[in-house]
Amino acid sequence: MLFSKKISDGGANRSLPRRIGALILCKGTSKVHSGHFLYRAVLILLLIANLFPTEAIAQKSQVPTVTTPPVYRGVPDPNAPPDPQTIADTKWFDVFRDPRLQDLIREALTYNYDLREAVARVDLARANLGLTRSEQYPQIYGGADFTTVGRSRDGEVRIPEPAKKAHSFGSVFINLLSFELDIWGRLRKQTKAARADLLASEEARKAVLTTIVGDVAGSYFIMRELDFELEIARRTLASRLDSLRIIRLREERGVANKLELRQAEELVYDASETIPLLEKLIEQQENFLSVLIGKNPGPITRGLSLTEEQLPPNVPPGLPSDLLVRRPDIRSAEQSLIAAGARIDVARKAYLPRISLSGFFGFESTSLTGLFKSPQSIWAFVPEVSQPIFTGGRLKSNVRFTQAQRDLFLVDYERIIQNAFREVSDSLIARRKTREVREQRALLVATLRDRVRLSYMRYTGGVSNLLEALDADRELFNAELSLAQARRDELITVVQLYKALGGGWQQ
């Protein structure tokens, strides 16, 4: 009763590994000894291993050094000394002060599907680490069996009287299945790669947290901006309906003409057309936000209005070098690079011989009472050494394959870093320029409001025609909508900068 697991060298089906084993099987007084032969065989295989290309095994995989810029492009004063403070170190609930927005973010951090998927991937990587690490330890199993065989007295073998026709025997054993001695550290490297995969998945989960916080905040601000546009449209429509009523009365009394009446109706229809379009966009944005927080499409409770939303008074970006250790996607790519480097070492160590142990110990007897007595013991011990001799180029190709994988991860790592610097720079530029646009549009709205007031005063006083007042009214309506969009864009630039700097995953 011997259970032995063949240890494969990872070569092709036509590989010719040299397998030398020593079996010690004892039952009663029978013994076979071959330890001295095994010792000499191991020495021979170690000499053979030196003939194969293993010169690169000692190389360590290191994460490449990345040159970071001294300051971010887009800061207000590039000549000023860099400020180590950054908004990314601030908790998300201290950045976004709207209580309803905070509730939405909390719901998304609980029910969002992308986050739940990321958590499942972390659990998957953690389980894979446990599976890989278990290969470093012996696999021990226990077993027992009981067999009864009954034969005919007149069968192939006659059973004379008074011998019994039935014969029973049982066994109990502990089985050690092929424990590999990790002399070269191949299994430890596999565990290192699996641990790096786990860390990469954990950092990917944090990156999802950052994305969710930014997406929920950005979607909420877009929804509040559409609400504000709808409020402007309804207020404008009410004002234009009142003006239309006055102009219609003037036309009935002969003070105004049909052209003025049609021009006033045109403005009313223009505002009326905008309202259902905005209502459609609002409901679609509510549906998007509902799915983002893991719920069925439905209405969203509002909090502060667009003009009441508070921006952080200061949004420092911090040092560019800190971005490498703060952004989860960069750290995830770094861990993936480390895992790929460890797998190169695993592939290189496949050239070296593998030494494994297998065996079992137990008892076998025809009677239960004498099962555990010393003469009934059975055991086996099988040391085994395997050395790849010819694999058809599989081992070399596997090394090249893992090296190519690492090169891909290296390119991805460098690209993620460059994109991170670009995203921060773009966000800083957008924040500064969007604020300037919003300030100018606010001045334009104030000017147009005064122009509308003066134009209607001149029209009612008979100094100018209605066309001048209607043009001013139309420009004011468009300017107010543009101002609302500028306020929304300014809020979103803060969200984008907070996300680009790697904030949002801190709890």
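Computed from a prediction, not measured in an experiment: that's the story for all the values here.

## Quick look at the overall build of the chain
Right, so step 1: Along the chain, the regular secondary structure elements total ten helices and six strands.
Right, so step 2: The buried share of the chain, reckoned over its 507 residues, is 44%.
Right, so step 3: Excluding contacts between residues fewer than 6 apart, the proportion of contacts in the chain whose partners are at least 24 apart in sequence is 82%.
Right, so step 4: As displayed, the chain offers around 27,900 Å² of accessible surface, 56% of which is attributable to carbon and sulfur atoms.

## Points about the layout of surface pockets
The probe, sized like a water molecule, is rolled over the atoms to show the empty space still left.
Right, so step 1: Each pocket or cavity is described by its volume, and for the second largest pocket that value is around 430 Å³.
Right, so step 2: Along the walls of the second largest pocket sit 23 residues, with Val-75, Pro-76, Val-315, Pro-316 and Pro-317 positioned nearest its centre.

## A word on the packing of helix H5 (residues 186-252) against helix H10 (residues 466-500)
Right, so step 1: Their axes nearest at 9 Å, the elements H5 and H10 cross at an angle of 170°. The angle between H5 and H10 falls in the class roughly antiparallel.
Right, so step 2: Considered class by class, the residues forming the contact of H5 with H10 number 14 nonpolar, six polar and eleven charged.

## Structural notes on a nonpolar patch on the surface
Right, so step 1: A grouping of Leu-181, Ile-183 and Trp-184 is seen on the molecular surface, where their side chains present a nonpolar patch of about 240 Å² in accessible area.
Right, so step 2: Turning to its location among the elements, Ile-183 is positioned in the loop between strand S4 (166-181) and H5.

## Quick look at the confidence of the model for the chain
Right, so step 1: Looking at the chain as a whole, its pLDDT mean stands at 82, while 81% of the residues score no less than 70.
Right, so step 2: Within the chain, the element-level pLDDT minimum falls on strand S2 (residues 24-27), averaging 35, and the maximum on helix H3 (residues 99-111), averaging 95.
Right, so step 3: The low-confidence segment residues 48-59, where pLDDT is below 50, has 21 contacts with residues more than four positions distant or belonging to other chains.

## With respect to the packing of H5 against helix H8 (residues 328-348)
Right, so step 1: The interhelical angle for the contact between H5 and H8, taken along N-to-C directions, is 165°, at an axis separation of 8 Å. One way to sum up the angle between H5 and H8 is to call them roughly antiparallel. The chirality of how H5 crosses H8 is left-handed.
Right, so step 2: Residue composition of the contact of H5 with H8, grouped by class: eleven nonpolar, five polar and ten charged.

## Concerning the pattern of salt bridges
Right, so step 1: With the rule as written, the count across this model stands at 40 salt bridges.
Right, so step 2: Of the charged contacts, one joins Glu-107 and Arg-100 as a salt bridge, the two residues approaching to 3.7 Å between their closest N and O atoms.
Right, so step 3: The salt bridge partner of Arg-121 is Glu-117, with a shortest N-O separation of 2.9 Å. Taken as a pair, Arg-121 and Glu-117 lie in helix H4 (residues 113-134) at a separation of four residues, close to a single helical turn.

## Considering the side chain of Lys-206
Right, so step 1: Mapping Lys-206 onto the fold places it in helix H5.
Right, so step 2: Judged by relative accessible area, which is 17%, Lys-206 ranks as buried.
Right, so step 3: Not counting residues up to four positions away in its chain, the partners in contact with Lys-206 are Pro-328, Arg-331 and Trp-505.

## Notes on the packing of aromatic side chains
When we look at a pair of aromatic rings, we describe it by the centre distance and by the angle of the planes.
Right, so step 1: In total, this model carries five aromatic pairs according to the counting rule given.
Right, so step 2: Between Tyr-72 and Phe-421 the ring centres are 6.5 Å apart and the planes differ by 55°, which places this aromatic pair in the tilted class. Placement of the pair is Tyr-72 in the loop between helix H1 (35-49) and helix H2 (92-95) and Phe-421 in helix H9 (residues 394-460), with a sequence separation of 349 residues.
Right, so step 3: Above the plane of the ring of Phe-477 lies Arg-240, whose end atom (NZ or CZ) is 5.1 Å from the centre.

## A short note on the environment of Ser-482
Right, so step 1: Its place among the elements puts Ser-482 in helix H10.
Right, so step 2: Sequence separation between Ser-482 and Glu-229 is 253 residues; the distance between their C-alpha atoms is 9.1 Å.

## Quick notes on H4
Right, so step 1: For H4, which comprises 22 residues, the first-to-last C-alpha distance of 32 Å matches the rise-based estimate of 32 Å (1.5 Å per residue) to within 8%.
Right, so step 2: Within the sequence span of H4, burial applies to Leu-115, Ala-118, Val-122, Ala-125, Leu-129 and Thr-132. Across the axial projection of H4, the buried residues extend over an arc of 100°, all falling on one side. Of the exposed residues in H4, those oriented more than 90 degrees away from the buried face are Leu-124 and Leu-131.
Right, so step 3: Looking at the packing, one finds that the buried side of H4 touches H3 and H5.
Right, so step 4: Here H4 starts with a cap whose side-chain oxygen sits 2.9 Å from the backbone nitrogen of Asp-114, and that cap is Asn-112.

## Examining H9
Right, so step 1: With 67 residues, H9 should cover 99 Å at 1.5 Å per step; its first-to-last C-alpha distance of 93 Å lies within 8% of that length.
Right, so step 2: Following H9 by one or two positions, Gly-462 adopts a phi angle in the positive range, close to 80°.

Rules used throughout
- Residues numbered from 1 in each chain as written.
- Predicted model: local features only at pLDDT ≥ 70, side-chain atom pairs only at ≥ 80, totals over all residues.
- Heavy atoms only, no water.
- Helix = DSSP H or I, 4+ residues; strand = E, 2+ residues; numbered from the N terminus.
- Buried < 20%, exposed > 50% of the residue type's maximum accessible area, 1.4 Å probe, protein only.
- Contact = heavy atoms within 4.5 Å.
- Areas by Shrake-Rupley, 256 points an atom, 1.4 Å probe, with all protein chains shown as cover.
- 1 Å grid on protein atoms, 1.4 Å probe; cavity = no way out; pocket = protein on both sides within 12 Å on 5 of 7 lines; lining within 4 Å.
- Points joined across faces, edges and corners; volume = space filled by probe spheres on them.
- Axes fitted to C-alpha atoms, helices over the stretch in contact; angles between N-to-C directions.
- Parallel < 35°, antiparallel > 145°, perpendicular 65-115°, else oblique.
- Nonpolar A, V, L, I, M, F, W, Y, C, P; charged D, E, K, R; others polar.
- Patch = residues over 30% accessible without salt bridge, like charges linked within 9 Å, V, L, I, M, F, W, Y side chains within 5 Å.
- Salt bridge = Lys/Arg side-chain N within 4 Å of Asp/Glu carboxyl O.
- pLDDT = per-residue confidence, 0-100.
- Left-handed = near helix turned anticlockwise from the far one by under 90°.
- Phe/Tyr/Trp six-rings, centres within 6.5 Å; stacked < 30°, edge-to-face > 60°.
- Lys NZ or Arg CZ within 6 Å of the ring centre and 35° of its normal.
- Expected span 1.5 Å × (residues − 1).
- Arc of directions from axis to C-beta.
- Polar contact = N/O pair within 3.5 Å; in protein donor to acceptor, adjacent residues only side chain to side chain.

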